[in-house]
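These are the residues of each chain, in order.
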Amino acid sequence: MSDTLAPRPVAAATFADYLDRMQLPLFRFVHNLLGEAEQARDLVQEVFVEAWRASQRAAPPFTSADDEAAVRRWIFHAAYHRAISAIRRRRLIAWESLDMLRPPEADRYYAPHPVEDQVAERDLMQSALASLVPSDAACLLLNAVHGFTSAEIAEILATTPAAAKRRLSRAKQRLRNAYFAVQEPAVATAIAAESEERTP
Amino acid sequence: MMKSDPPAVPVPGPLCSVYAPLLPLLSTGELAAEETATVREHLFGCAWCRAQVATYDILDAAIQRHLGADSPNLEAPYHPLSLERVTRLARQTSGMPASRTTHATRQARRPPQMLRFLSGAGALAAVLLIAVLAQLTLGSHTRPPKGGTSSLVTCTTLTGGHRLCEHPLPTPDSQPAGIAIAPDGSVWFTEQQTNRIGQLTPDGTLREYPIPTAASDPFAITLGPGGDFWFTERSANKIGRITPQGTITEFTVPTVASAPTDIVLAPPQDLWFTESGASQIGRITPQGIVTEFSLPAGAGAPTDIVLGPDDAVWFLLITSSESKIGRLTRDGAFSAFTIGPVGLETAGLAAGPDGALWFAESRGNAIGRMTIGGAMTTYPLPEAHSLPLTIASAAGNLWFLEQAGNRIGMITVSGAITEYAVPLGKSGLLGIATAADGSVWFTQLSANAIGQLT
């Protein structure tokens, strides 16, 4: 591998471009994890300050090579670890358990809450998300909202791609269980009939 | 399609629990083409699973509506950061914090506390010092497979002229953890997921020896007498011994579900190990005879263990409220020093070249040093949230891994820190060992490789 030229720091204009385009999605990610806007804003600020300092040292990925995908993974990685720290300080529980050996929950029959308005539904989604273990919530958001693959999520969460994929499946199952509620069999039947007609 | 009767409420079939974890992944793009085809085939004949998929479709839409990029921010609007503000803040907060020196508290007599065993700081990497299900099976000798494979090495140059080389492992997701070096320069390591002991010879040949007990969860490994390597099997509750030729013998720990974690050689020949699930220290002779020392009530769960300059074994202790360092003499006399609150999350312990004990405070984000008299100094790391995890002594300095910071760090005995950034894709740094030639070897979880820094 050639190592003739020392890497140069990313140009200020390029960094400004990253900042412009990435800070709002990052804020959304952190806000969804923390559930609190002010703390999320401070955390996003910290991440970009650290990113700037890394760029001044020409530390990868903030080099003139301009690997934007790597920069994006880096900032989500930095934000994720800070968010987890913040959640841990907030809670008295020291550790999240991996829970990989817990037997899968029996699949019960679910139907959506009849919610009347956007706000109530949003609150329901937020509280359902908050009921997840933080690393599961992060995994789900990184894939469903921010479009990262399980290989990229593995880098961000510092785990293996297989573990990230398992975590993603588990997170969606648990979010689904938290978001939905058990309804009358009649309602369940109606959904089944509807889905049967939709399937080719 | 006309229906004369109302459709029956769907019920799950015998295969549905197999497909259940795959259904939420259908819309994520994470299923391979064959997996998707198999799932769709099952869905064609299964109303229950179709109904599950319907709920995930509804969930997906709700996620986009309320958590997605375009979802309205119902709280105050987000005011964007300017580059000017970022650079100004960066200038204000530069500079390393100073080190601080305190005196560790000698452990006083304590009333018995309820022990809640806390896992090590590898949570983020999904590798923890945690007691899992114990499976008691009988071990036996095993013959190693013939031959080996050469691994493709890739190297990069880091700032400062150091070279980082990686030896990828052939099986995906092997989860290499503990690592140790043989006198001939071979690198030996545990593979948690594939349940093997790996050997990388100086000429680059890789051999992997299966552990007889299935799913044993091998963790730490250390060089023992006569050139054999000894390792802990956390789930199987055994101590394993592997010869340089790859023959493995296993010895069951007498205490059930003791979760043997870390292991160290105390010359001339005994190996001492921590039973983090049983609050005990074990000693095993090369013949496999185990003696166990129970720590006093409230002492905590022992994790990492080293041989101290005073010929006693020293180990990290975690209680529900404190981080401590314990000491056990060869005769079984116990004492302990309190480092600080459990929130520091001490991880990684090394006997330093200066005769002091060095450890990582993964959440405290610092490297700590304690003399055997209990005088403590703490050296904070330059960057926040680095998660230093493990530490080893080499050539007069200490080397440590920053799992969240993705850096390899070096600290001198006077506390000067130098750090080397490891590319993000090569992260999940876990175990560290130092070789006689001064190179630092480490295991990389997410890169599924053995790394070497020269």
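Residues numbered from 1 in each chain as written. Chains lettered and ligands numbered in written order. Predicted model: local features only at pLDDT ≥ 70, side-chain atom pairs only at ≥ 80, totals over all residues. Heavy atoms only, no water.

## Section: the state of the cysteines
All names here are of chain B.
Moving on, step 1. Inspection of the entire model under this criterion finds one disulfide over all chains.
Moving on, step 2. Residue Cys155 pairs covalently with Cys165 via a disulfide, S to S 2.0 Å. Its torsion about the S-S bond being 110°, the disulfide of Cys155 and Cys165 is classed as right-handed. On the criterion of sequence distance, the pair formed by Cys155 in strand E4 (residues 154-157) and Cys165 in strand E5 (residues 163-168) is long-range, its members being ten residues apart.
Moving on, step 3. On the basis of relative accessibility, which here comes to 19%, the residue Cys155 falls in the buried class.
Moving on, step 4. Since its relative accessible area comes to 10%, Cys165 is described here as buried.
Moving on, step 5. Residue Cys46 stays outside any disulfide, its sulfur separated by 3.5 Å from that of Cys16, the closest cysteine.
Moving on, step 6. Judged by its relative accessible area of 8%, Cys46 is buried. (Disulfide = S-S within 2.5 Å. Helix = DSSP H or I, 4+ residues; strand = E, 2+ residues; numbered from the N terminus. Buried < 20%, exposed > 50% of the residue type's maximum accessible area, 1.4 Å probe, protein only.)

## Topic: the sheet that holds strand E16 (residues 280-284) of chain B
Residue and element names in this part refer to chain B.
Moving on, step 1. Within the open sheet, the four strands sit side by side as E14-E15-E16-E17. Their pairing is antiparallel. A strand with exactly one partner marks an edge of an open sheet, and here the two such strands are strand E14 (260-266) and strand E17 (290-294). On average, each strand axis in the sheet is tilted by 25° relative to the strand beside it, whichever way the strands run.
Moving on, step 2. Here strand E15 (residues 270-275) pairs with E16 via five bridges, running antiparallel. The partner of Glu275 across the bridge, within E16, is Gln280. (Pairing = 2+ DSSP bridges. Axes fitted to C-alpha atoms, helices over the stretch in contact; angles between N-to-C directions.)

## Description of the confidence of the model for chain A
Moving on, step 1. Per-residue pLDDT for chain A averages 76, and the proportion of residues at 70 or more is 72%.
Moving on, step 2. Counted against residues more than four places away or in other chains, residues 182-200 of chain A, with its pLDDT under 50, gives 30 contacts. (pLDDT = per-residue confidence, 0-100. Contact = heavy atoms within 4.5 Å.)

## Regarding helix H6 (residues 150-157) of chain A
All names here are of chain A.
Moving on, step 1. With six of its eight residues buried, H6 lies for the most part within the structure.
Moving on, step 2. Every buried residue belonging to H6 is among Ser150, Ile153, Ala154, Glu155, Ile156 and Leu157, and all of these are buried.
Moving on, step 3. Following H6 by one or two positions, Ala158 adopts a phi angle in the positive range, close to 55°.

## Details of unusual backbone geometry
Moving on, step 1. The omega angle of the peptide bond from Pro60(A) to Pro61(A) is 5°, so this bond is cis rather than trans.
Moving on, step 2. You can see Pro61(A) is positioned in the loop between helix H2 (37-56) and helix H3 (68-90).
Moving on, step 3. Along the chain, Pro267(B) connects to Pro268(B) via a cis peptide bond; the corresponding omega equals 10°.
Moving on, step 4. Tracing the backbone shows Pro268(B) in the loop between E14 and E15.
Moving on, step 5. A positive phi angle, near 60°, is found at Asn195(B), a position not held by glycine.
Moving on, step 6. Relative to the assigned elements, Asn195(B) resides in the loop between strand E7 (187-191) and strand E8 (196-200).

## Focus on the sheet that holds strand E32 (residues 449-453) of chain B
Residues and elements named next belong to chain B.
Moving on, step 1. Taken in spatial order, the five strands make up an open sheet running E4-E5-E32-E31-E30, and their pairing is antiparallel. Of all strands in the sheet, those bounded by a partner on one side alone are E4 and strand E30 (429-434). Across this sheet, the average inter-strand angle for adjacent strands is 20°, counted without regard to direction.

## Side note on the packing of aromatic side chains
Moving on, step 1. Here the structure, examined in full by the defined rule, presents 15 aromatic pairs over all chains.
Moving on, step 2. Judged by centre distance (6.1 Å) and plane angle (45°), the ring pair of Phe15(A) and Phe62(A) falls under tilted. Placement of Phe15(A) in helix H1 (residues 12-34) and of Phe62(A) in the loop between H2 and H3 is noted, with a sequence separation of 47 residues between them.
Moving on, step 3. Taking the relative accessible area as the measure of exposure, Phe15(A) reaches 2% and is therefore buried.
Moving on, step 4. A relative accessible area of 2% places Phe62(A) in the buried class.
Moving on, step 5. Ring geometry for Phe29(A) against Phe76(A): centres 5.2 Å apart, planes inclined by 55°, an arrangement best described as tilted. Remark: Phe76(A) occurs in helix H3 and Phe29(A) occurs in helix H1; sequence separation between them is 47 residues. Phe76(A) matches Phe29(A) in its accessibility class, with the two residues each being buried.
Moving on, step 6. Ring pairing ties together the aromatic residues Phe15(A), Trp52(A), Phe62(A) and Trp74(A), which thus form one cluster.
Moving on, step 7. It is Arg72(A) that lies over the ring of Phe148(A); its NZ or CZ is 4.4 Å from the centre.
Moving on, step 8. Taking the ring centre of Phe219(B) as reference, the NZ or CZ of Arg234(B) above it sits at 3.9 Å. (Phe/Tyr/Trp six-rings, centres within 6.5 Å; stacked < 30°, edge-to-face > 60°. Lys NZ or Arg CZ within 6 Å of the ring centre and 35° of its normal.)

## Quick word on the pairing of strand E19 (residues 313-318) of chain B
All names here are of chain B.
Moving on, step 1. The buried count for E19 comes to six of six residues, which makes it a mostly enclosed element.
Moving on, step 2. The side-chain alternation of E19 yields two buried faces, one formed by Val313, Phe315 and Leu317 and the other by Trp314, Leu316 and Ile318.
Moving on, step 3. Bridging between strand E18 (residues 301-307) and E19 involves five bridges; their strand directions are antiparallel. Directly across from Leu307, in E19, lies its bridge partner Val313.
Moving on, step 4. Between the end of E18 and the start of E19, which pair antiparallel, lie five residues, with Asp311 showing a positive phi angle near 70°.

## Topic: the nonpolar core
Moving on, step 1. Judged by nonpolar contacts, the single largest core of 79 residues is most densely connected at Phe29(A), Phe48(A), Phe62(A), Ile75(A) and Leu175(A).
Moving on, step 2. It is H3(A) that provides the largest number of residues to this core, a total of eleven residues.
Moving on, step 3. Core analysis: the next-biggest nonpolar cluster, separate from the first, contains 16 residues, Ile239(B), Val253(B), Leu271(B) and Ala347(B) among them. (Core = buried A, V, L, I, M, F, W, Y, C linked by side-chain atoms within 4.5 Å.)

## Overview of the pairing of E5(B)
Residue and element names in this part refer to chain B.
Moving on, step 1. Relative to E5, E4 runs antiparallel, the two sharing four bridges. Following the sheet pairing, Thr157 is matched in E5 by Arg163.
Moving on, step 2. Taking the residues that link successive antiparallel strands as the turn, the E4-E5 hairpin has five residues, and the phi of Gly160 there is positive, at about 90°.
Moving on, step 3. Note that E5 and E32 share five bridges and pair antiparallel.

## Section: the environment of Gly405(B)
Residue and element names in this part refer to chain B.
Moving on, step 1. Positionally, Gly405 belongs in the loop between strand E27 (397-402) and strand E28 (407-411).
Moving on, step 2. Judged by its relative accessible area of 18%, Gly405 falls in the buried class.
Moving on, step 3. Along the backbone, Gly405 and Glu383 are 22 residues apart, and their C-alpha atoms lie at a distance of 7.9 Å.
Moving on, step 4. Not counting chain neighbours up to four residues away, the residues in contact with Gly405 comprise His385 and Ser386.

## So, the pattern of salt bridges
Residue and element names in this part refer to chain B.
Moving on, step 1. For the structure shown, the criterion picks out 23 salt bridges over all chains.
Moving on, step 2. Ionic pairing is found between Arg283 and Asp270, a salt bridge with its closest N-O pair at 4.0 Å. One end of the pair, Arg283, is in strand E16; the other, Asp270, is in strand E15, with 13 residues separating them in the sequence.
Moving on, step 3. With a relative accessible area of 17%, Asp270 lands in the buried category.
Moving on, step 4. Across the pair Arg369 and Asp354 runs a salt bridge whose closest N-O atoms are separated by 2.8 Å. One end of the pair, Arg369, is in strand E24 (residues 366-370); the other, Asp354, is in the loop between strand E22 (346-351) and strand E23 (357-361), with 15 residues separating them in the sequence.
Moving on, step 5. Take Arg369: its relative accessible area is 18%, and that puts it in the buried class. (Salt bridge = Lys/Arg side-chain N within 4 Å of Asp/Glu carboxyl O.)

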